[in-house]
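# Residue-level structural notes
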Amino acid sequence: MAHTRTSSIAFFTLIAVITSVSAAAGKPVKPPAVTFLDQKAAAKVLADESVEPFFSVMQPKEIAALTAGKAKGKNLTELRKSCRDIFSGAAASFTNKEKAALTWLARQVSTQFMKDYPKFASLPWSFIKLSKPLAGGFPHTRNKQIVFTQALITNIVRSKDSGNEKRLIRALGPLFVHEQMHVFQRYNPKLMADLYTKVWKFQHIKGGIQSPQWLIDRNASNPDGIDINWIIPVGKDKYLWPRAIFEREAEVNAMRDMTMIGVNVIKTKKGFAVVTDKNKKPVYKSLHRVNAYKEMFPTVRSLYHPNEIAADLMAQIYLIDVTTPNLSQNNRFAKAIAPMKTWCLKNFK
Ligand SMILES: [Zn+2]
C-alpha cells in the first residue's frame, strides 16, 4: 500500500532536474506487456483469495476502515463477505484514454530500469480500476494487478494531457515502482527474503508470534504484506515487531488513522511471544520513535513491513537513478538507498 499518491517524494527534499528520460543508451529495450482487466475480470481478481488470503483474515475494525463503515453483517463471517463484495463490486473497466496514459508511464519506468534491473523491469504490468475510493483510496496490489482508484487514474490522465511528461515521471514514476515492487514480491518471495534477512537482519517466524487479543483486534491487514510474521532483533532474545494497527477506539477509523508501531517480542521456550503489561496490552511504541530501527531506514516512511520498506526504497532508487544519477555518495538519500541498491544490482540482473 502506498500512503499518498506521492508518498515517496512528498518528503524528498532534493531539488532534482530530469536530464534524460530515454532508454539506456546502446541497448535495445523491449518493455514488457501492459494489460488492463475489464470490469468482469477485475471483480474476479478482487474477490479471489487463492493466491493469498485477504478478506478471510480481517477483523471488524479494519473492515470498517477499508469500507468507510459500509460493510454490514451480523457476525464476522458476514462482515468479511460484505467487505469482499464491496471491493469486487467496485471493479470498473478502463477507457482507452486511461489505458494510453498508464501504458505510457509504465513503459517509461520499465525502460528506465531495464539496463540495471532487468529482472524487475521486465515484469509485465497489469491494472485494475476501482470506481470508489475503497481502502481510503490508497493504491495497492492484488495477485498480479496494481489497483488504482478512479480519482488517481483521472489525475494521471490530466497530468499526461498537460504535456509536462518529465513532471509526471517524477511525480508518479515512484508510485508505479512502489506498486510494481509489491507484485514482484508476491511472486519472488524467496529472493526478497534474502534481502530482508541477510541485508536487513529481519527474521521470519514461520509458526507465528503469540499475540494478545488487543493486538489481533486492531490489526490493519495490508494486501501488500499479508504475512506479518517478520521481526528484527534488538538485543539478546529481544525483538521488535513492526506492525500497522488501528489504535483509536472509534467505531469507524479512517485509513489515515492507521499507526505504525514496534511491538516488543521475546523468545520463549515455546517460540516467540508479545511482551504484555498487567492489562494484557502489548508493550510497544511508535515505530518512528524506535531510534535504532529508524536509523536503519532513515528515508523510509512505510516502516511497518519489509515489503513496504523495499517498495519505498525501490521508488527512491528510481527517483535518484532517473533524476540525479550523479548524486554525491554522501547525500542522505544516496546513503539510505545504498545497501538495497547494491543488492538489487546483483539480484535483479
Ligand atoms: Zn506499499
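Position numbers for residues count from 1 along each chain, tracking the sequence in the order it is written. A pLDDT threshold of at least 70 governs which residues receive local features in this predicted model, and a stricter bar of 80 or more applies before side-chain atom pairs are shown or counted, although totals over entire chains, interfaces and linings include all residues.

Secondary structure counts use DSSP, requiring at least four H or I residues in a row for a helix and at least two E residues in a row for a strand, with both numbered from the N terminus. A count of helices and strands for the chain gives 13 helices and 11 strands. In this description the radius of gyration comes from C-alpha coordinates, and the expected globular size is given by 2.2 Å times residues to the power 0.38. Taking 349 residues into account, the globule formula puts the C-alpha radius of gyration at 20 Å, and the chain, at 20 Å, falls close to it. Along the longest, intermediate and shortest principal axes, the C-alpha atoms of the chain span 65 × 45 × 30 Å. Each residue is classified by how many other C-beta atoms fall within 10 Å of its C-beta atom, where C-beta atoms are placed from the backbone; a count of 20 or more means buried, 12 or fewer means exposed, and values in between mean partly exposed. Within the chain, the fraction of its 349 residues that count as buried is 42%.

This paragraph deals with the pairing of strand β5 (residues 145-149). Within β5, 5 of the 5 residues are buried, which leaves the element mostly enclosed by the surrounding structure. Of the two faces of β5, both are covered, the one formed by Gln-145, Val-147 and Thr-149 as well as the one formed by Ile-146 and Phe-148. When DSSP locates at least two bridges between a pair of strands, those strands are taken to pair. Pairing geometry for strand β3 (residues 125-130) and β5, over 4 bridges, is parallel. Paired with Leu-130 across the bridge in β5 is Thr-149. In terms of strand pairing, strand β4 (residues 140-142) meets β5 through 3 bridges, oriented antiparallel. Within β5, the residue paired with Thr-141 across the bridge is Ile-146. In sequence, β4 turns back onto β5 through a hairpin of 2 residues, with Asn-143 there showing a positive phi of about 50°.

This next bit is on the packing of helix α12 (residues 306-323) against helix α13 (residues 332-347). Relative orientation and spacing of two packed helices are given, respectively, by the angle between their axes and the distance between those axes. It is the contact of α12 with α13, at a shortest axis distance of 9 Å, that shows an interaxial angle of 105°. It follows that α12 is roughly perpendicular to α13 by the angle criterion. Contacts from Ala-310, Leu-313, Gln-316, Ile-317 and Ile-320 in α12 reach Phe-333, Ala-334, Ile-337, Met-340, Lys-341 and Cys-344 in α13. Here the residues of the contact of α12 with α13 are counted per class, giving 9 nonpolar, 1 polar and 1 charged. Only the contacting stretch of a helix is used when fitting its axis, a line to C-alpha atoms as for every element, and angles between N-to-C directions run 0 to 180 degrees. Comment on the angle field: the value is read as roughly parallel under 35 degrees, roughly antiparallel over 145, roughly perpendicular from 65 to 115, and oblique elsewhere. Here the contact rule is simple: place C-beta atoms from the backbone, and any two residues whose C-beta atoms are within 7 Å are in contact. Under the convention adopted here, Pro, Cys and the residues Ala, Val, Leu, Ile, Met, Phe, Trp and Tyr are nonpolar, Asp, Glu, Lys and Arg are charged, and Gly plus all remaining residues are polar.

For a helix, the expected span equals 1.5 Å multiplied by the number of residues minus one. For helix α4 (residues 76-89), with 14 residues, the first-to-last C-alpha span of 20 Å sits near the 20 Å given by 1.5 Å per residue. Where α4 is buried, its residues contact α2 (39-47) and α3 (60-66).

The next subject is the nonpolar core. General note: in soluble globular proteins, nonpolar side chains tend to be found buried as a group. One nonpolar core equals one set of buried Ala, Val, Leu, Ile, Met, Phe, Trp, Tyr and Cys residues connected by C-beta atoms within 7 Å. Grouped together as the largest cluster of nonpolar side chains are 96 residues, with contacts concentrated most on Cys-83, Leu-105, Ile-231 and Met-314. Element by element, the count of residues in this core is highest for α12, at 11 residues. If near-sequence neighbours (up to four positions away) are discounted, Leu-105 is found in contact with Ile-156, Leu-168, Leu-172, Gly-173 and Phe-176.

Here we come to the environment of Leu-152. Considering the arrangement of structural elements, one finds Leu-152 in helix α7 (residues 150-161). For the pair formed by Leu-152 and Lys-129, sequence separation is 23 residues and the distance between their alpha carbons is 9.6 Å.

Predicted coordinates in areas of low pLDDT are best not read in detail. On average, residues of the chain score 91 in pLDDT, and 92% of them are at 70 or above. The predictor reports its confidence for every residue as pLDDT, a score running from 0 up to 100. Note that pLDDT drops below 50 for residues 4-26; the model gives that stretch 39 contacts with residues more than four away or on any other chain.

Turning next to the packing of α2 against α4. Two numbers describe how α2 lies on α4: the axes approach to 8 Å, and their chain directions differ by 155°. Looking at the two axes, α2 sits roughly antiparallel to α4. Pair α2 / α4 crosses with right-handed handedness. Across the interface between the two elements, Ala-43, Leu-46 and Ala-47 of α2 pack against Arg-84, Phe-87 and Ser-88 of α4. Looking at the contact of α2 with α4 residue by residue, the class counts come to 4 nonpolar, 1 polar and 1 charged. Handedness of each helix crossing follows the sense of rotation of the near helix against the far helix: counterclockwise by less than a right angle gives left-handed, clockwise gives right-handed.

A word on the environment of Gly-136. Position of Gly-136 relative to the elements: it lies in the loop between β3 and β4. When the 18 C-beta atoms within 10 Å are taken as the criterion, Gly-136 is described as partly exposed. Those residues in contact with Gly-136 that sit more than four places away from it in its chain are Ala-254, Met-255 and Arg-256.

With respect to the helices, strands and loops of the structure, Thr-95 is situated in the loop between β2 (91-92) and α5 (96-113). Accessibility expressed as a C-beta count within 10 Å gives 13 for Thr-95, which makes it partly exposed. Distance in space between the C-alpha atoms of Thr-95 and Trp-214 is 45 Å, their sequence separation being 119 residues.

Turning to unusual backbone geometry, a few remarks are in order. We note that Asp-237 has phi near 55°; this positive angle belongs to a residue other than glycine. The backbone phi angle of Lys-280 is positive, close to 65°, even though this residue is not glycine. By C-beta crowding, Lys-280 is classed as exposed, having 11 other C-beta atoms within 10 Å.

A few words on the pairing of strand β7 (residues 230-235). Relative to β7, strand β6 (residues 203-204) runs antiparallel, the two being bridged by 2 bridges. From the neighbouring strand, Gln-203 faces β7, where its bridge partner is Ile-231. Note: β7 against strand β8 (residues 238-246), 3 bridges, orientation antiparallel. Opposite Gly-235, over in β8, you have Lys-238 as the bridge partner. Two successive antiparallel strands, β7 and β8, enclose a turn made up of 2 residues, where Asp-237 displays a positive phi of approximately 55°.

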